[in-house]
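Structural characterization, general
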Amino acid sequence: GDGDGEAGAPYHLNDFNEAVRGVAGDLVEQVELTDSFVHPKTQRVSHCYRLTYRSMDRNLTNAEIDEIQAELRAYIGRHLDVELR
């Protein structure tokens, strides 16, 4: 999106954090914004996040993490006015 937001609310980092917690719950240990870039001509903002997953009672498989990531991307695509790359 262009940041205008169909509901009139611009994207905020807390929106992303809430989406991650809502989808992954206690399995996400940390959400870290690792990079932010503003395109000089378009003024579009790009963010890169690192998500750390951990379960206290078992090992998580790559397949489980892949499924969570797919669910998270789908949720963000439906609920936040952002473009996923």
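Everything discussed here concerns the structure shown above.
What comes next is a walk through the structure. What you see as residue numbers is a count from 1 along each chain, following the sequence as written. In keeping with the model being predicted, local features are shown solely for residues with a pLDDT of at least 70 and side-chain atom pairs are shown and tallied solely at 80 or more, while totals for entire chains, interfaces and linings include all residues. Calculation of side-chain values draws on the structure's entire complement of heavy atoms; hydrogens and water are dropped beforehand.

1. Some words on the pattern of salt bridges
Where we set the bar: Each reported salt bridge corresponds to a side-chain nitrogen of Lys or Arg within 4 Å of a carboxyl oxygen of Asp or Glu. Strands here are runs of E lasting at least two residues and helices are runs of H or I lasting at least four, both read from the DSSP assignment and numbered beginning at the N terminus. To sort residues, take the accessible area from a 1.4 Å probe on protein chains only and compare it with the maximum for the residue type: under 20% means buried, over 50% means exposed, and anything in between is partly exposed.
In this structure the tally under the stated criterion is 4 salt bridges. Arg54 is the salt-bridge partner of Glu29, the closest N and O atoms lying 2.7 Å from each other. Residue Glu29 is located in strand 1 (residues 28–38), and its partner Arg54 is located in the loop between strand 2 (45–53) and helix 2 (62–79); the two are separated by 25 residues in the primary sequence. Notably, a salt bridge pairs Glu64 with Arg58, separated by 2.7 Å at the nearest N-O pair. Accessibility expressed as a relative area gives 27% for Glu64, which makes it partly exposed.

2. Thoughts on the environment of Glu32
Tracing the backbone through its elements, the reader meets Glu32 in strand 1. In this structure, the C-alpha to C-alpha distance between Glu32 and Thr52, residues 20 residues apart in sequence, is 8.4 Å.

3. A short note on helix 2
Short version of the rule: In this scheme, a helix's expected span is set at 1.5 Å multiplied by one less than its residue total. The directions from the helix axis to the C-beta atoms form the arc being described.
Taking 1.5 Å as the rise per residue, helix 2 with 18 residues should run 26 Å; its terminal C-alpha atoms sit 25 Å apart, in good agreement. Three or more residues of helix 2 are buried, namely Ile65, Ile68, Leu72 and Ile76. One side of helix 2 holds all its buried residues, which, seen down the axis, span an arc of 70 degrees. For helix 2, the exposed residues lying more than 90 degrees away from the buried face are Ala63, Asp66, Glu67 and Arg78.

4. Comments concerning unusual backbone geometry
Note: most peptide bonds trans; most residues except glycine with negative phi. Even without being glycine, Gln43 reaches a positive phi, approximately 65 degrees. Judged by its relative accessible area of 51%, Gln43 falls in the exposed class.

5. Here's the deal with the nonpolar core
Our working definition: We call a set of buried residues a nonpolar core when its members are Ala, Val, Leu, Ile, Met, Phe, Trp, Tyr or Cys and they connect through side-chain atoms within 4.5 Å of each other. For this analysis, residues touch if any pair of their heavy atoms sits within 4.5 Å.
Phe16, Val20, Leu51, Tyr53, Leu72 and Ile76 are the most contacted members of the largest nonpolar core, which totals 13 residues. Secondary-structure elements contributing two or more residues to this core are helix 1 (13–24), strand 2 and helix 2. Ignoring any residue separated from it by four or fewer positions in sequence, one finds Leu51 in contact with Phe16, Val20, Gln30, Val31, Gln69 and Leu72.

It is worth stressing that arrangement in space is one thing and function is another; only the former is reported here.
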